Amino acid sequence: LSGDEAKKYGISQELSRPIILAFETTDAAVASGALRAACDSARAELEAARIELQENPTAIDVKVGIITYGTSLQVYRVRRGLPHIVTVLPTVDGSAALPRAATPPLHVLSESVEELLSLLQDLPRMYPSKPTDASPPFRSSGIGASA
């Protein structure tokens with residue numbers, strides 16, 4: 001693109017920029033409730049965007065991508081009537097990148113809002129809180145247990 005073409009393309013009101021929702025899935029984020037709160041907030045915003053698209057036919061549709069990060073980076077793809085597809089990208093030297101041949105995991109909101117909302121509902125359950133030393137996962141009994 002020439003400089004003028006790039007400027008026109010970059011500021012066009014008719015073209016939308018993608019929205020990438022990134023959620024931290026570390027043990028601390030899950031245990032603190034930050035993951036659930038972030039997913040709930042994103043669900044509310046996507047619901048509002050869906051209503052806006054339904055009420056305003058001239059509203060600009062957006063593309064949405066969802067990733068999670070913790071010890072690795074997970075990229076999610078949604079398809080109508082099918083389970084969520086997760087691509088796990090291990091980090092190398094602290095960075096991760098999509099494989100070159102991969103298509104961007106972006107979903108047009110108006111075409112996949114139900115699947116995106118479902119994924120946001122499921123994410124907190126996909127990363128359950130791990131028990132801490134203060135609350136052991138089971139009660140000791142049997143050999144070696146003190147009475």
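Note that the coordinates shown come from a computational prediction; the quantities given were computed from them, not determined experimentally.

Here's the deal with the pattern of salt bridges
For step 1, the next point in the chain: This model, assessed by the stated rule, comprises four salt bridges.
For step 2, the next point in the chain: Arginine 125 is paired through a salt bridge with aspartate 122; the nearest N and O atoms lie 2.7 Å apart. Pair noted here: arginine 125 and aspartate 122 are both in helix H4 (residues 109–126), with a separation of three residues, about one helical turn.

Here's the deal with H4
For step 1, the next point in the chain: Maximal helix bending in H4 amounts to about 35°, located at glutamate 115.
For step 2, the next point in the chain: If you check which residues of H4 are buried, you get Leu109, Ser112, Val113, Glu115, Leu116, Leu117, Leu119, Leu120, Leu123 and Pro124.
For step 3, the next point in the chain: Tucked into the core, H4 has its buried residues touching strand S1 (19–24), helix H3 (34–55), strand S2 (63–69), strand S3 (73–77) and strand S5 (107–108).

Concerning the side chain of threonine 68
For step 1, the next point in the chain: Among the secondary structure elements, threonine 68 is positioned in strand S2.
For step 2, the next point in the chain: Within polar-contact distance, the side chain of threonine 68 engages the side chain of tyrosine 76 at 3.2 Å.
For step 3, the next point in the chain: Among the polar contacts made by the side chain of threonine 68, one reaches the side chain of tyrosine 127 at a distance of 3.2 Å.
For step 4, the next point in the chain: Residues contacting threonine 68, with those up to four places away along its chain left out, are Phe23, Thr25, Leu73, Gln74, Tyr76, Leu123 and Tyr127.

What about a nonpolar patch on the surface?
For step 1, the next point in the chain: Together, Val86, Val88 and Met126 make up an exposed nonpolar region whose accessible area comes to about 230 Å².
For step 2, the next point in the chain: Inspection of the secondary structure assignment puts methionine 126 in helix H4.
For step 3, the next point in the chain: Classification of methionine 126 by relative accessible area gives partly exposed; the value is 36%.

Some words on the layout of surface pockets
For step 1, the next point in the chain: What the largest pocket holds in volume is close to 250 Å³.
For step 2, the next point in the chain: Lining the largest pocket are Ile19, Leu21, Ala42, Glu45, Leu46, Ala49, Glu52, Leu53, Ala59, Ile60, Val62 and Leu109.
For step 3, the next point in the chain: Of all elements in the fold, only S1 and H3 reach the threshold of two or more residues within the lining of the largest pocket.
For step 4, the next point in the chain: It is H3 that provides the largest number of residues to the lining of the largest pocket, a total of six residues.

A look at H3
For step 1, the next point in the chain: Helix length check: H3, at 22 residues, gives a terminal C-alpha distance of 32 Å against a target of 32 Å (1.5 Å per residue), a fit within 8%.
For step 2, the next point in the chain: Considered for burial, the residues of H3 that qualify are Leu35, Cys39, Ala42, Leu46 and Arg50. One side of H3 holds all its buried residues, which, seen down the axis, span an arc of 80°. Away from its buried face by more than 90 degrees, H3 exposes Glu45 and Glu55.
For step 3, the next point in the chain: Contacts made by the buried residues of H3 are with S1, helix H2 (27–32), S2 and H4.

Re the pairing of S2
For step 1, the next point in the chain: One ladder, built from six bridges, connects S1 with S2; its direction is parallel. Following the sheet pairing, leucine 21 is matched in S2 by isoleucine 66.
For step 2, the next point in the chain: In this sheet, S3 lies alongside S2 in antiparallel orientation, the contact comprising four bridges. Residue pairing in the sheet places threonine 68 in a bridge with glutamine 74 of S3.
For step 3, the next point in the chain: Turn length for the S2-S3 hairpin, with the two strands adjacent in sequence and antiparallel, is three residues.

Definitions and limits used
- Residues numbered from 1 in each chain as written.
- Predicted model: local features only at pLDDT ≥ 70, side-chain atom pairs only at ≥ 80, totals over all residues.
- Heavy atoms only, no water.
- Salt bridge = Lys/Arg side-chain N within 4 Å of Asp/Glu carboxyl O.
- Helix = DSSP H or I, 4+ residues; strand = E, 2+ residues; numbered from the N terminus.
- Bend = angle between axes of the 7 residues up to and from the residue.
- Buried < 20%, exposed > 50% of the residue type's maximum accessible area, 1.4 Å probe, protein only.
- Contact = heavy atoms within 4.5 Å.
- Polar contact = N/O pair within 3.5 Å; in protein donor to acceptor, adjacent residues only side chain to side chain.
- Patch = residues over 30% accessible without salt bridge, like charges linked within 9 Å, V, L, I, M, F, W, Y side chains within 5 Å.
- Areas by Shrake-Rupley, 256 points an atom, 1.4 Å probe, with all protein chains shown as cover.
- 1 Å grid on protein atoms, 1.4 Å probe; cavity = no way out; pocket = protein on both sides within 12 Å on 5 of 7 lines; lining within 4 Å.
- Points joined across faces, edges and corners; volume = space filled by probe spheres on them.
- Expected span 1.5 Å × (residues − 1).
- Arc of directions from axis to C-beta.
- Pairing = 2+ DSSP bridges.

Honestly, it's all geometry; don't read function into it.
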